[in-house]
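Per-entry structural report
Below are the chains, spelled out letter by letter.
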Amino acid sequence: MEADKPVVIVNPRSGGGLSERRWAQLVGPLTEGLGPFDARFTESVGDGSRLATDEVSAGRRLVVAFGGDGTISEVADGILRAGGKAELGIIPRGTGGDFRRTLALPEEVGAAARHIKQSPVHRIDAGRATFTLADGSRTTRHFVNIASFGFSAEVAQRANRSAKRLGAKASFLGATLSSLMAYENVEVTIAVDGGEPQRRTTRLAAIGNGCYFGGGMKVCPTSCLDDGLFDLVVVGDFSRLELLRRISSVYSGNHLGLDQISSARARRIEVAPVAGSAPIPIELDGETPGYLPATFEIVPSALALRF
């Protein structure tokens, strides 16, 4: 391994799938933009984190995530698990593209590769989530964009199961409308920065490092990647009809003034279901790895990102 040569961690299932022929067509633009590089391919959930950790532990200095929000999140997690000693580059290829929107990254592969090569390094914050798995055990992983729980996690599950042939906005909007008919608001307690837990009836809540989730919804419009704080946005006891009427304001980022939506800035957020509740899933960067109770902590200036 040459430490100065970038490694590209590729999710071949992102963006509708990547055939061997299509990959061969992309090697040229990637090489023109990045220079010579090595490639590693993921095969299952968690591979992005494992591969990134292995590469950074072996001395790799630049790790490039080639895929969607889930791949970017896993690769960032792997870098941080290895001590954050490498830089992260991003070539976006997924359906949602929410972290790409926050960073305003180019979508074309060659342009994204050149952008990595030419861009300075910025230190950004990361999130660290400790949550509950299906078997009741606890685990911790990092995220870079947005964590959420409630209705949004149900939408993410449905969108990830769909074919996504109609693109991000249509896929997530379809999943939103499908989930809307079945999902009930949940009862949770939320404690911010060590304060007293407050009982809330919520449709969903988002813990934002970035701005966008759900295929383009600007749910945390004032969040900043390098301020050492999360933006917490809690969508309260909306009825199905009210949420349907207000959904356009979430896409535009104009929802924070609504009466049933509250927001705060915090370094640590603890959320637990009220006793007797059904399991409440969480979402991290578009994936749904577990359930409440969960703790979300900001890790300031954790990640060296080229953008």
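Everything quoted here is computed from the prediction, not taken from an experiment.

**Brief notes about the overall build of the protein**
Secondary structure summary: the protein contains eight helices and 15 strands in total. Taking 307 residues into account, the globule formula puts the C-alpha radius of gyration at 19 Å, and the protein, at 19 Å, falls close to it. Seen through its principal axes, the protein has C-alpha atoms that stretch 55 × 40 × 35 Å. Counting every position in the protein, which comprises 307 residues, the buried fraction comes to 55%. At a minimum sequence separation of 6, the contacts of the protein that also span at least 24 residues come to 74%. Of the roughly 13100 Å² of accessible surface on the protein, a fraction of 49% belongs to carbon and sulfur atoms.

**With respect to the packing of aromatic side chains**
A full pass over the atoms with the stated rule returns five aromatic pairs. Taking 6.0 Å as the distance between ring centres and 85° as the angle between the ring planes, the aromatic pair formed by W23 and F66 counts as edge-to-face. Linking W23 in helix α1 (residues 20-34) with F66 in strand β3 (residues 62-67), this pair joins segments that are 43 residues apart in sequence. For W23, a relative accessible area of 14% corresponds to the buried category. You can call F66 buried: its relative accessible area is 0%. Taken together, a centroid distance of 6.4 Å and an interplanar angle of 80° make the contact between F143 and F296 edge-to-face. A residue pair is termed long-range when its members are at least 10 positions apart, and F143 in strand β6 (residues 138-143) and F296 in strand β15 (residues 287-306) qualify at 153 residues. Like F143, the residue F296 is buried in the burial classification. The side chain of R203 reaches across the aromatic face of F151, ending 5.6 Å from its centre.

**A word on empty space enclosed by the protein**
For the structure shown, the criterion picks out one cavity of 30 Å³ or more. One number sums up the size of the largest cavity: a volume of about 30 Å³. Contributing to the lining of the largest cavity are V235, F238, L243, R246, S249, V250, L258 and I261. Broken down by element, the lining of the largest cavity gets its largest block of residues, four residues, from helix α8 (residues 240-252). Residue composition of the lining of the largest cavity, by class: six nonpolar, one polar and one charged.

**Here we look at the nonpolar core**
Within the largest apolar cluster, 42 residues are counted, with the highest numbers of intra-cluster contacts made by F149 and F296. With five residues, the single largest contributor to this core is strand β11 (residues 230-235). Beyond its immediate stretch of four places on either side in the chain, F149 contacts V188, I190, T202, L204, A205, I207, V271, I280, P281, I282 and L292. Listed in part, the 27 residues of the second largest apolar core include V7, L51, I72 and I90.

Calculation notes
Residues numbered from 1 in each chain as written. Predicted model: local features only at pLDDT ≥ 70, side-chain atom pairs only at ≥ 80, totals over all residues. Heavy atoms only, no water. Helix = DSSP H or I, 4+ residues; strand = E, 2+ residues; numbered from the N terminus. Rg over C-alpha atoms; globule rule 2.2 N^0.38 Å. Buried < 20%, exposed > 50% of the residue type's maximum accessible area, 1.4 Å probe, protein only. Contact = heavy atoms within 4.5 Å. Areas by Shrake-Rupley, 256 points an atom, 1.4 Å probe, with all protein chains shown as cover. Phe/Tyr/Trp six-rings, centres within 6.5 Å; stacked < 30°, edge-to-face > 60°. Lys NZ or Arg CZ within 6 Å of the ring centre and 35° of its normal. 1 Å grid on protein atoms, 1.4 Å probe; cavity = no way out; pocket = protein on both sides within 12 Å on 5 of 7 lines; lining within 4 Å. Points joined across faces, edges and corners; volume = space filled by probe spheres on them. Nonpolar A, V, L, I, M, F, W, Y, C, P; charged D, E, K, R; others polar. Core = buried A, V, L, I, M, F, W, Y, C linked by side-chain atoms within 4.5 Å.

Interpretation note: all reported values are geometric properties and have no functional meaning in isolation.
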